[in-house]
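Chain residues, written in single-letter form:
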Amino acid sequence: MNKVEEFEELRPLLFSIAYRILGSVSEAEDAVQETWLRFDRSTTPPTSAKAFLSAAVTRISIDVLRSARVRREEYVGPWLPEPLLSDPYQDPERSAELADSVSMAALLLLERLSPLERSVFVLREVFAFGFDEVATAVGRSEAACRQLLVRARRHMEAGRPRFEADRQERQELATRFFDALKEGDVDALRNLLAADVQMVGDGGGKAPQLARAVIGAEHVARLLASVYPLMARIDVTFEPHEVNGQPGAVFRDRDGKVLHTLALDVLDGQIQTIRSVINPDKLCHLGPVADAWAVDREVKRARRHSN
């Protein structure tokens, strides 16, 4: 294979590594592109293209994450990862680890780690790289990487949610949830939600968003049942779709532009967390983005007319 073919074969893996380190589709794509430029400029063929490219994309991602941390500290409202509708990298032997590691909940846990801890955890735990490969990628000794992994595992295990293992059961619950959402059925929604369910929205100050997380089945059910029938009245539609490996949906305005995504965390037959990303900067990779402020104004007008 020539360089281009080698790189394209490994591109899905490189993106998947970068996305888990960065929690951003756009930044991961930029990291992969910069990795290609470094590979293209290299004059000596590496012993292993996979090792060279994985190390390059990891180091680039670590640098990007260090600068991104400052921006995230100044972020307006709750920060959520950019939604990922499908992971380009698949490995049947590690499908469970891959699906778990890309969930919104897992990515938010990874935010607690230092850039080095996060990178070591992703390479070793998610993609099963050997410690020699991890050490080369992050520029530390194998012994140091083992210590970084111990610390990373401790942080992750302390807050790790357990997801419903039965994919079909999880999907059936999501179908009932979205049916109840369409109908604005408060009782049906309440029955699907955990007592301490949380609803979190990420608008980044660039779109209408919840002032704070909404907590409790009653509050969340009433909020959902009051808003979504009004959105349907102004021709907002949604299509159920996996979001970060979890049941979810993509919402669109009447022109088919992306309004926001919704992702559901399911445990013990109930929805534990609902996460909505409406920040337009985080939706561009999904297609043309709707004017969320205009939709919000229409919803408010529809509410006034219905009272």
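Scroll up a little and you will see the structure.
Structural notes, computed from the coordinates. Remember, predicted model here, so these are calculated numbers, not experimental data. (Residues numbered from 1 in each chain as written. Predicted model: local features only at pLDDT ≥ 70, side-chain atom pairs only at ≥ 80, totals over all residues. Heavy atoms only, no water.)

## So, the pattern of salt bridges
Then, number 1: Within this structure, the stated rule accounts for 22 salt bridges.
Then, number 2: For the salt bridge of glutamate 27 with arginine 72, the shortest nitrogen-to-oxygen distance reads 3.7 Å. On the criterion of sequence distance, the pair formed by glutamate 27 in helix α2 (residues 25-41) and arginine 72 in helix α3 (residues 49-73) is long-range, its members being 45 residues apart.
Then, number 3: Classification of arginine 72 as buried rests on a relative accessible area of 16%.
Then, number 4: With a shortest N-O distance of 2.6 Å, arginine 190 and glutamate 218 are connected by a salt bridge. Separated by 28 residues along the polypeptide, arginine 190 in helix α10 (residues 186-192) and glutamate 218 in helix α11 (residues 217-233) bring together distant segments of the chain.
Then, number 5: Classification of arginine 190 as partly exposed rests on a relative accessible area of 25%.
Then, number 6: Relative accessible area serves as the criterion here: at 32%, glutamate 218 is assigned to the partly exposed category.
Then, number 7: Among the charged side chains, a network of salt bridges with common partners joins Glu27, Arg71, Arg72, Glu111 and Arg118. (Salt bridge = Lys/Arg side-chain N within 4 Å of Asp/Glu carboxyl O. Helix = DSSP H or I, 4+ residues; strand = E, 2+ residues; numbered from the N terminus. Buried < 20%, exposed > 50% of the residue type's maximum accessible area, 1.4 Å probe, protein only.)

## What to know about the nonpolar core
Then, number 1: Judged by nonpolar contacts, the single largest core of 48 residues is most densely connected at Ile17, Tyr19 and Phe127.
Then, number 2: At the level of elements, α1 (3-22), α2, α3, α5 (104-110), α6 (115-126), α7 (131-138) and α8 (142-159) are the ones that each hand at least two residues to this core.
Then, number 3: In this structure phenylalanine 127 touches Leu13, Ser16, Ile17, Arg20, Tyr89, Arg94, Leu98 and Val122, once residues within four positions along its chain are discounted.
Then, number 4: Core analysis: the second largest hydrophobic core is formed by 40 residues, Phe178, Val197, Ile271 and Ile278 among them. (Core = buried A, V, L, I, M, F, W, Y, C linked by side-chain atoms within 4.5 Å. Contact = heavy atoms within 4.5 Å.)

## Focus on the sheet that holds strand β5 (residues 258-267)
Then, number 1: The strand order across the open sheet built from six strands is β2-β1-β6-β5-β4-β3, with neighbouring strands paired in mixed fashion. Edge positions in the sheet fall to β2 (214-215) and β3 (237-240), since each has one partner strand and no second.
Then, number 2: Of the pairings in the sheet, the one linking strand β4 (residues 248-252) to β5 comprises five bridges and is antiparallel in character. Opposite alanine 249, over in β5, you have leucine 262 as the bridge partner.
Then, number 3: Docked against the sheet, α11 engages β1 (193-202), β2, β4, β5 and β6 (270-277), running at close to 50° with respect to β1. (Pairing = 2+ DSSP bridges. Axes fitted to C-alpha atoms, helices over the stretch in contact; angles between N-to-C directions.)

## Observations concerning the environment of threonine 273
Then, number 1: Structurally, threonine 273 can be placed in strand β6.
Then, number 2: Sequence separation between threonine 273 and proline 92 is 181 residues; the distance between their C-alpha atoms is 28 Å.

## A word on the packing of α6 against α7
Then, number 1: Running from N to C, α6 and α7 cross one another at 145°; their axes reach a closest spacing of 10 Å. Where α6 crosses over α7, the handedness of that crossing is right-handed. Each of Leu116, Ser119, Val120, Leu123 and Arg124 in α6 lies in contact with α7, whose residues at this interface are Phe131, Val134, Ala137 and Val138. (Left-handed = near helix turned anticlockwise from the far one by under 90°.)

## Structural notes on the environment of aspartate 40
Then, number 1: Among the structural elements, aspartate 40 can be located in helix α2.
Then, number 2: Measuring from C-alpha to C-alpha, the distance between aspartate 40 and valine 4 comes to 8.4 Å, with 36 residues separating the pair along the chain.

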